[in-house]
Amino acid sequence: MRLSDFIRQHADHIVEEWEQFARTITPAADTMDQAALRDHAKAILLAAARDMDTAQTASEQIAKAKGEGPEKTPSLDEAGASHGELRHTVGFDLVQMTSEFRHLRACVIRRWVNSLESPDMAYIQDMIRFNEAIDEALAESTAAYAEQVNRSRDIFLAILGHDLRAPLQAVSMSTELLMRKTALEGDALTCALNIKQGARHMAAMVSDLLELVRSRLGKSLPIEPAPMDLADAARAVIAEACAGNPECDPTLKTEGDTHGVWDAGRIDQLLQNLIGNALQHGSDPREVVVTLKGEARHVLLTVHNYGNPIPEEAIGTIFDPLVRSADEELGQPSTSLGLGLFIVKEVVTAHGGTIEVSSSEACGTLFSVTLPRQV
């Protein structure tokens with residue numbers, strides 16, 4: 001009997017063995033009934049049998065083996081993806097889910113081989129086609145499972161970031177009120193200032209975290225453009241940076257018209273991250289130079305500092321989320337989540353602009369942002 005016919009004829013017995021194996025995967029299986037344990041097993045088997053009966057050329061077989069073939073069995077892909085999503089929901093881990101496919105493959109081959117009386121080459125081809133079908137279902141299940149894991153993580157981070165804002169605001173407002181109504185001096189004043197600065201850093205980190213989650217959940221960065229002056233925004237950010245760090249003294253150079261229609265809040269994020277990055281990683285906080293140059297249709301913003309150059313191999317990933325600078329030692333305290341430059345790129349993209357970076361020991365590090373005057 002050909003393997004596809006064998007699968008259809010013995011599908012219920014194979015699924016029963018699938019169920020018995022799935023029941024051993026604890027603790028997730030302890031609370032699952034028969035329907036949940038069997039899940040999409042029969043649908044996967046029957047879809048695999050249909051795929052095996054579909055004509056396939058040698059070139060198509062080679063392409064499919066590489067995962068590059070055309071989608072011939074949407075029912076198999078759908079069943080595999082649904083299985084991956086549901087196994088994630090009930091608490092299977094990725095290794096446990098893939099072990100089900102390993103057992104299913106072994107069960108079918110063992111039962112079929114035991115039923116054969118006189119194997120021939122056609123049966124060997126059947127086995128190859130069955131393995132291809134199971135691999136396709138496994139790939140879809142794994143992809144769907146991984147997507148659910150990522151989404152669950154991002155939703156958790158979104159809830160965490162959202163819920164952290166309330167206590168942070170309470171800390172910040174209480175510190176502000178304490179400093180206004182009480183004449184603090186000496187160590188008490190220093191402690192209050194440290195609390196205020198720490199709350200500000202934490203608020204920035206939470207904001208960056210929420211922006212990361214928003215982008216991962218498929219939402220573009222929302223902006224509300226309005227007329228503003230980029231030079232005024234840069235001066236405000238530099239003043240705030242100097243208030244928190246008296247040693248820094250960035251230089252601002254302006255040329256031409258620096259007005260445009262942008263989202264003031266997002267531009268503030270962009271400037272804070274770029275200038276803060278330069279102050280943090282520059283060899284001398286007094287040598288940071290911010291330049292604004294107004295052109296006919298856009299404004300060019302550059303932020304320059306000297307210091308350890310960005311390694312060439314890191315340039316390509318420097319705007320990726322959760323990437324930390326190479327000069328930050330692991331385990332050392334930091335006010336950065338590695339999201340600052342990611343947020344910068346998202347802000348620039350949302351405004352239809354471009355951003356580039358160059359870095360060398362001789363010339364220093366230069367971030368160049370081009371912002372169209374009108375979004």
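The rules we used
- Residues numbered from 1 in each chain as written.
- Predicted model: local features only at pLDDT ≥ 70, side-chain atom pairs only at ≥ 80, totals over all residues.
- Heavy atoms only, no water.
- Core = buried A, V, L, I, M, F, W, Y, C linked by side-chain atoms within 4.5 Å.
- Buried < 20%, exposed > 50% of the residue type's maximum accessible area, 1.4 Å probe, protein only.
- Helix = DSSP H or I, 4+ residues; strand = E, 2+ residues; numbered from the N terminus.
- Contact = heavy atoms within 4.5 Å.
- Phe/Tyr/Trp six-rings, centres within 6.5 Å; stacked < 30°, edge-to-face > 60°.

For the chain, the name recorded in an unreviewed UniProt entry is histidine kinase, with Pseudomonas fitomaticsae as its organism.

Visitor: When you look at the nonpolar core in this model, what are you seeing that I'm missing?
Guide: Considering soluble globular proteins, one finds that nonpolar side chains tend to be buried as a cluster. Membership of the largest hydrophobic core comes to 38 residues, with the highest contact counts inside it found for L270, L271, L274, L301 and F367. Broken down by secondary-structure element, the contributors of at least two residues to this core are α9 (230-244), α10 (264-281), β4 (289-294), β5 (298-305), α12 (340-350), β6 (354-360) and β7 (364-372). With seven residues, the top contributor of residues to this core is α10. Setting aside anything within four residues of it in sequence, one finds L301 in contact with L270, L271, L274, V290, T291, L292, F367, S368 and V369. Counting residues in hydrophobic clusters, the runner-up holds 35 residues, among them F6, F92, I109 and Y123.

Visitor: When you look at the packing of aromatic side chains in this model, what are you seeing that I'm missing?
Guide: The way to describe two aromatic rings as a pair is by their centre distance and the angle between their planes. One pass over the structure, following the stated rule, counts two aromatic pairs. A ring pair is formed by W18 and F101, whose centres lie 6.2 Å apart and whose planes are at 80°; its orientation type is edge-to-face. Highlighted residues: W18 in helix α1 (residues 3-22) and F101 in helix α6 (residues 94-115), separated in sequence by 83 residues. The class of F101 is buried, set by a relative accessible area of 1%. Relative to F367, the ring of F319 has its centre 6.2 Å away and its plane inclined at 80°; by these criteria the two rings are edge-to-face. On the criterion of sequence distance, the pair formed by F319 in the loop between α11 (312-315) and α12 and F367 in strand β7 is long-range, its members being 48 residues apart.

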